[in-house]
4 protein chains.
Amino acid sequence: MAPVKNNKNQNSSKRDQILHAAVDKFLEKDFYQVTVTEIAELAGVGKGTVYEYFSSKEELFKESFSYCAGIYLQTFKINFAELASARITMEDILVTHLNLIKENRNKLHLLFNERPQNLKELQAWILEQRRELLNELTGLISEGIRLGEVRSDLNVDMAARLFLALNQQVIGEMVLLDNIAVEEAQLKELLDLYWNGIGKSALWQGH
Amino acid sequence: MAPVKNNKNQNSSKRDQILHAAVDKFLEKDFYQVTVTEIAELAGVGKGTVYEYFSSKEELFKESFSYCAGIYLQTFKINFAELASARITMEDILVTHLNLIKENRNKLHLLFNERPQNLKELQAWILEQRRELLNELTGLISEGIRLGEVRSDLNVDMAARLFLALNQQVIGEMVLLDNIAVEEAQLKELLDLYWNGIGKSALWQGH
Amino acid sequence: MAPVKNNKNQNSSKRDQILHAAVDKFLEKDFYQVTVTEIAELAGVGKGTVYEYFSSKEELFKESFSYCAGIYLQTFKINFAELASARITMEDILVTHLNLIKENRNKLHLLFNERPQNLKELQAWILEQRRELLNELTGLISEGIRLGEVRSDLNVDMAARLFLALNQQVIGEMVLLDNIAVEEAQLKELLDLYWNGIGKSALWQGH
Amino acid sequence: MAPVKNNKNQNSSKRDQILHAAVDKFLEKDFYQVTVTEIAELAGVGKGTVYEYFSSKEELFKESFSYCAGIYLQTFKINFAELASARITMEDILVTHLNLIKENRNKLHLLFNERPQNLKELQAWILEQRRELLNELTGLISEGIRLGEVRSDLNVDMAARLFLALNQQVIGEMVLLDNIAVEEAQLKELLDLYWNGIGKSALWQGH
DNA sequence: AATGAATGAGTCTTCATTCAT
DNA sequence: CATGAATGAAGACTCATTCAT
């Protein structure tokens, strides 16, 4: 009897090599500027082997994208059970998000730069993920209201959107585009801005 | 009286035909998925004619991008002379921005979706434009502080960034991604959120 | 009555402008690397005007070639009437040829470098011209025999061919390829070589 | 015994198929009139396959040219070791050269007709080869002087050039242009012409 | 399972030529 | 006559995908 080859793991590891190589390449260049050949080379496999594990370049791109997105989305997965404070949770999210961006500088380019307009399926998936994210945040803010930390007269959906934009556009661009060395202290400032607004105390606001 | 044919503009109009066709196509698909032939057809001219007016497909893309960006950037050109109120100016910006997005739904997709990674020159131009935008907004907020509307203890740069994100990501995504029929009333809500923050009145915040 | 415009000369001069521009360009680059546009520009006329005077680029090339060849071929047009000495005539030809090459360095490149393989008609014309040239030279050598200067036991055709090669390949390459500053003194050496051969005196040769 | 299939050469043979097809085509038409598709078809391979073996059409042309030139240049590789007679060596060269021309009628057209003006690298290589050829011949003639066959008062370089022209232009044109059935007997006549010159015995020359 | 040689569909770009003005 | 804007045929080259080994 022939020795049992652990095909499952062998394959999975080879598949992973290819996937990681693809992610690296897609992060570096446009979809149309990455060639299957160079992915294969980076993965250290033959060109034909890529097609053993992925049906097409497009498929490989989708999986690369989802892989990166998956890493990213964890940040916002909040556990509401026994949530003590919305503000503190938000602070945690900001910190986690910042670290994630710093640690995955390169990987995130894929998420922010590639908008595969013709991959409708993937487009839909992205929208869906964003919607879920917004739902999480809406829940978080509602919880804040219940806890008495957040004012109850605001539009919860908008507040969630602004918090998302705070994370993605504001922090994202500070770190990735402007190369500002953002630290926790600055996150506190940002959260304060978000929490208290820019206007002079609301007390006098009405007058 | 016979209609006057504006011969002068005939040429310019042919160039414009091509440019508009290109914008349409680039909004619809990736740079690499749009063919020059397709643009020529949509513009109603021969393929060679495209090259009479634009030296290459890349050049045509850059001009399409700049064209869209140009339309967009007007929104933020603020005149500080005799600025009466930062808050009212911000309201104006939000309204103008919203209208612009609504009127140019399609055109703006290009700005937000295409990030031509290999067009370094264009990349640099985009960064430069964004920086100018942030400067305008920083100026606006500083003016608000001078006028006593905005609290003086905040980080002006961050406030500017958050206001930009409010416009671009929050409003942009509501209109373009989620197809929400945003009206002026909602802009007020958004501005209020930005102005006063989400927390309970700062007065009580400390207690 | 309208003033009489001297069309004949006007045309001829414009035609010449174009022809000279074409010659210049064809001397500089391959047929396929010269564009009609650049010929028109150099001639200072519109692109369409070229087609007023020449039916096609190919036609224009043929005329350019013939023009250069015509200049060249004069060198060998010998007047046999009252020919005093074949040797002196040959010396004259060498001198004339050398001067021609020096004076028309550039123009001659066309003759030597362009061999329009697909212009059968032109090919035939070239062969015909070469044949005529050889006939002239054969006549010259025969005359030399009649005058008792040239030995009568040689193959007149071959002698003519070698004299042509002496002019074209030997002198041509010395001047045009190797940039040797050939002077009349050296032509004498060459003619001596041709006249007396390289072997030790014929007297001993037979022994 | 089953025929051994030489797998090793299979690859080389595919490259050769393409090279030979290219040579055939380039001999038939100008560089710019030969299409890669046409070469691929003649070679019996796909268009893409050409680019597997040659990086560009230009590269393919260069290799075709060098290939033909390589065949040609062998003729003049002379072994001076124990050279018995310059005259006999020259006779050998003429014979070899003639046979080569006859056997490779077509291949040599490429060498004589195509002067790729824009392939500077190739141009340089050609000049270099010609220079080496002249050096060989200069050496041969000097040897002739040492052996007492050749007169010592001549310009060795010029003599070498004339001998080269004798081979290339005279014999070349007789065979290739004028379709004369040149035989060894005629080569003797030619060599005699070169050796003794056309003039009456040098002895009487001065008188 | 793994490979990479072979393929040809698809694209940008050039440029001779035409023709309306 | 003179022009040059418009054209589209033609060709080099790329690269995702296949398939024989």
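My aim in this report is to walk through the structure given alongside it, one point at a time.

What counts and what doesn't
Counting starts from 1 at the beginning of each chain's written sequence and moves along it residue by residue. Here chains are named by letter from A upward and ligands by number from 1 upward, in the order in which they appear as written. Whole-chain, interface and lining totals are the exception, using all residues; otherwise, since this is a predicted model, local features are given only for residues with pLDDT of at least 70 and side-chain atom pairs are given and counted only at 80 or more. For the side-chain quantities, the full set of heavy atoms in the structure was used; hydrogens and water were omitted. Here a strand is any run of E in DSSP of at least two residues, a helix any run of H or I of at least four, and the numbering for each starts at the N terminus. Using a 1.4 Å probe on the protein chains alone, a residue whose accessible area is under 20% of its type maximum counts as buried, one over 50% counts as exposed, and one in between counts as partly exposed. Only heavy atoms matter for contacts: two residues are in contact if any of them lie within 4.5 Å across the pair. For this purpose, a residue is taken to be near a molecule or strand whenever a single non-hydrogen atom of the residue falls within 4 Å of it. Polar contacts here mean pairs of N or O atoms no more than 3.5 Å apart (in protein, one a potential hydrogen donor and the other a potential acceptor; neighbouring residues in sequence count only if both atoms are side-chain atoms). Ten residues, namely Ala, Val, Leu, Ile, Met, Phe, Trp, Tyr, Cys and Pro, are considered nonpolar, four, namely Asp, Glu, Lys and Arg, are considered charged, and the remaining ones, Gly among them, are considered polar. Using a 1.4 Å probe, buried area is obtained as the accessible area two parts lose upon being combined, added over both of them. Just to be clear on terms, a salt bridge is a Lys or Arg side-chain nitrogen sitting within 4 Å of an Asp or Glu carboxyl oxygen. A least-squares fit on C-alpha atoms brings the copies together, and the residues used are those whose pLDDT is at least 70 in both copies. The definition of a nonpolar core used throughout is a set of buried Ala, Val, Leu, Ile, Met, Phe, Trp, Tyr and Cys residues joined through side-chain atoms within 4.5 Å. Only Phe, Tyr and Trp rings take part, Trp by its six-membered ring, and two of them pair if their centres are within 6.5 Å. Stacked means planes under 30 degrees apart, edge-to-face means over 60, and tilted covers everything else. Definition used: whenever NZ (Lys) or CZ (Arg) falls within 6 Å of the ring centre and also within 35 degrees of the ring normal, the charge is taken to sit over that ring. In this analysis, the expected span of each helix is defined as 1.5 Å times one less than the number of residues it contains. Fitting a line to C-alpha atoms yields each axis, with helices limited to the stretch in contact; the angle taken between N-to-C directions then spans 0 to 180 degrees. Any angle that falls under 35 degrees is termed roughly parallel, while one over 145 is termed roughly antiparallel, one within 65 to 115 roughly perpendicular, and all others oblique. For any helix crossing, the convention is left-handed if the near helix is rotated counterclockwise from the far helix by under a right angle, and right-handed if that rotation is clockwise.

**What about the overall build of chain A?**
Looking only at helices and strands, one finds 10 helices and zero strands in chain A. Taken from N to C terminus, the helices and strands of chain A fall in the order α-α-α-α-α-α-α-α-α-α. Looking at the 207 residues of chain A, the share that counts as buried comes to 49%. Nonlocal contacts in chain A, meaning residues at least 24 apart in sequence, comprise 74% of its contacts between residues at least 6 apart.

**Here's the deal with unusual backbone geometry**
All names here are of chain C. Even without a glycine there, the phi angle at Asn179 is positive, about 50°. One can find Asn179 in the loop between α8 (156-177) and α9 (184-196). By relative accessible area, which is 53% here, Asn179 ends up exposed.

**Considering the protein's contact with DNA strand E**
As a matter of local geometry, DNA strand E sits amid 30 residues, with Thr49 and Tyr53 of chain A together with Gly46, Thr49 and Tyr53 of chain D nearest to it. Counted by atom, the contact set of DNA strand E within 4 Å of the protein is 64% sugar and phosphate. The contact in question runs from a phosphate oxygen of DNA strand E to an N or O atom on the backbone of Val34 of chain C, over 3.4 Å. Note that a phosphate oxygen of DNA strand E is positioned 2.9 Å from one of the side-chain N or O atoms of Lys57 of chain C. Of all the secondary-structure elements, those providing two or more residues to the surface near DNA strand E are α3 (47-53) of chain A, α3 (47-53) of chain B, α3 (47-53) of chain C together with α3 (47-53) of chain D. Taken together, the residues of the surface near DNA strand E break down into 10 nonpolar, 10 polar and 10 charged.

**Overview of the interface of chain C and chain D**
On the chain D side, the residues contacting the 52 residues of chain C number 55 residues. Summed over both sides, the interface between chain C and chain D buries roughly 5,200 Å², with carbon and sulfur atoms accounting for 54% of that surface. Viewed at the interface, chain D and chain C are joined by 10 salt bridges. A salt bridge links Asp178 of chain C to Arg161 of chain D; the shortest N-O distance between them is 2.8 Å. Here chain C and chain D share 20 residue pairs in polar contact (both at pLDDT 80 or more) between them. Where the side of chain C that touches chain D is concerned, the elements lending two or more residues are α1 (7-28), α5 (86-103), α6 (105-113), α7 (120-146), α8, α9 and α10 (202-205) of chain C. Ranked by the residues each element gives to the side of chain C that touches chain D, the list is headed by α8 of chain C, at 13 residues. In terms of residue class, the side of chain C that touches chain D is built from 24 nonpolar, 13 polar and 15 charged.

**Comments concerning the relation of the copies chain C and chain D**
The pair of chain copies shares a relation made of a rotation about an axis and a shift along it. You can overlay chain C on chain D at an RMSD of 0.3 Å; the transform is a turn of 179° with a shift of 0.1 Å along its axis. In the structure described here, the two chain copies are related by an operation that fits a two-fold rotation axis. Every residue of chain C has its C-alpha some distance from the rotation axis, and the shortest such distance is that of Gly197 of chain C, at 1.8 Å.

**Details of the pattern of salt bridges**
What the rule picks out here adds up to 56 salt bridges over all chains. The partner of Asp157 of chain D in a salt bridge is Arg161 of chain D, and the shortest N-O contact between them spans 2.9 Å. One end of the pair, Asp157 of chain D, and the other, Arg161 of chain D, are both in helix α8 (residues 156-177), four residues apart, so they sit about a helical turn from each other. Using a relative accessible area of 25% as the deciding quantity, one classes Asp157 of chain D as partly exposed. Each of Arg130, Arg131, Asp157 and Arg161 of chain A together with Glu173 and Asp178 of chain B takes part in one network of salt bridges that share partners.

**Details of the interface of chain B and chain A**
At the interface, 54 residues of chain B touch 53 residues of chain A. A salt bridge links Arg151 of chain A to Asp192 of chain B; the shortest N-O distance between them is 3.2 Å. For the interface between chain B and chain A, the tally reads 20 residue pairs in polar contact (both at pLDDT 80 or more). Looking at the side of chain B that touches chain A, the elements that each hand over two or more residues are α1 (7-28), α5 (86-103), α6 (105-113), α7 (120-146), α8 (156-177), α9 (184-196) and α10 (202-205) of chain B. For the side of chain B that touches chain A, the element with the most residues is α8 of chain B, which contributes 13 residues. Class assignment of the residues belonging to the side of chain B that touches chain A gives a composition of 25 nonpolar, 14 polar and 15 charged.

**Some details on the nonpolar core**
Core analysis: the largest hydrophobic core is formed by 85 residues, its most contacted members being Tyr194 of chain C together with Tyr194 of chain D. Residues in contact with Tyr194 of chain C, not counting those within four places in the same chain, are Met90, Ile141, Ala159, Ala160, Leu162, Phe163 and Leu166 of chain C together with Gly197 and Ile198 of chain D. Counting residues in hydrophobic clusters, the runner-up holds 84 residues, among them Val156 of chain A together with Leu100, Ile171 and Met174 of chain B.

**Things to note about the packing of aromatic side chains**
Taken as a whole and assessed by the stated rule, the structure comprises 26 aromatic pairs over all chains. Taken together, the aromatic side chains of Phe26, Phe31, Tyr32, Phe61 and Phe65 of chain A together with Phe26, Phe31, Tyr32, Phe61 and Phe65 of chain B make up a single cluster linked through ring pairs. The ring centre of Phe31 of chain C lies 4.5 Å from the NZ or CZ of Lys57 of chain C, which sits over that ring.

**Here's the deal with the environment of Ala21 of chain D**
All names here are of chain D. Here Ala21 shows up in helix α1 (residues 7-28). Look at Ala21 and you get buried, because its relative accessible area is 4%. Separated by 43 residues in the primary sequence, Ala21 and Ser64 place their C-alpha atoms 9.3 Å from one another. Not counting the four nearest positions on each side in its chain, Ala21 is found in contact with Ile39, Leu42 and Ala43.

**Focus: the environment of Ile18 of chain D**
All names here are of chain D. Mapping Ile18 onto the fold places it in helix α1. For Ile18, a relative accessible area of 0% gives the class buried. Between the C-alpha atom of Ile18 and that of Arg146, which follows or precedes it by 128 residues, the distance is 48 Å. Beyond its immediate sequence surroundings of up to four residues, Ile18 is in contact with Ile39, Ala43, Val45, Thr49, Val50, Tyr53, Phe54 and Leu60.

**Observations concerning helix α9 (residues 184-196) of chain A**
Residues and elements named next belong to chain A. Compared with the 18 Å implied by 1.5 Å per residue over 13 residues, the 18 Å span of α9 between its first and last C-alpha is a close match. Those residues of α9 that fall on the buried side of the exposure criterion are Leu187, Leu190, Leu191, Leu193, Tyr194, Trp195 and Asn196. Residue Gly197 follows α9 closely and has a positive phi angle near 75°.

**Considering the environment of Val175 of chain B**
Residues and elements named next belong to chain B. In this fold, Val175 is placed in helix α8. The exposure class of Val175 is buried, given its relative accessible area of 4%. Apart from residues no more than four positions distant in its own chain, Val175 is found in contact with Leu98, Ile101, Arg105, Ile180 and Val182.

**Section: helix α5 (residues 86-103) of chain A**
All names here are of chain A. The terminal C-alpha atoms of α5 lie 25 Å apart, and with 18 residues this matches the ideal 26 Å at 1.5 Å per residue to within 8%. Every buried residue of α5 is accounted for by Ala86, Arg87, Thr89, Met90, Ile93, Leu94, Val95, His97, Leu98, Leu100 and Ile101. You can read the cap of α5 off the contacts: a side-chain oxygen lies 3.2 Å from the backbone nitrogen of Arg87, and it is on Ser85.

**Description of the side chain of Gln168 of chain C**
The topology assignment puts Gln168 of chain C in helix α8. A polar contact is formed between the side chain of Gln168 of chain C and the side chain of Gln169 of chain D, at a distance of 2.8 Å. Apart from residues lying up to four places away in sequence, Gln168 of chain C is in contact with Tyr72, His97, Leu133 and Glu173 of chain C together with Gln169 of chain D.

**Topic: the side chain of Ser64 of chain A**
Turning to its location among the elements, Ser64 of chain A is positioned in helix α4 (residues 57-73). There is a polar contact of 2.8 Å between the side chain of Ser64 of chain A and the backbone oxygen of Leu60 of chain A.

**Some words on the packing of α8 of chain B against α9 of chain B**
All names here are of chain B. It is the contact of α8 with α9, at a shortest axis distance of 11 Å, that shows an interaxial angle of 150°. Between α8 and α9, the angle falls in the class roughly antiparallel. Along this stretch, α8 crosses α9, giving a crossing that reads as right-handed. Contacts from Ala159, Ala160, Leu162, Phe163, Leu166, Val170 and Ile171 of α8 reach α9 at Leu187, Leu190, Leu191 and Tyr194.

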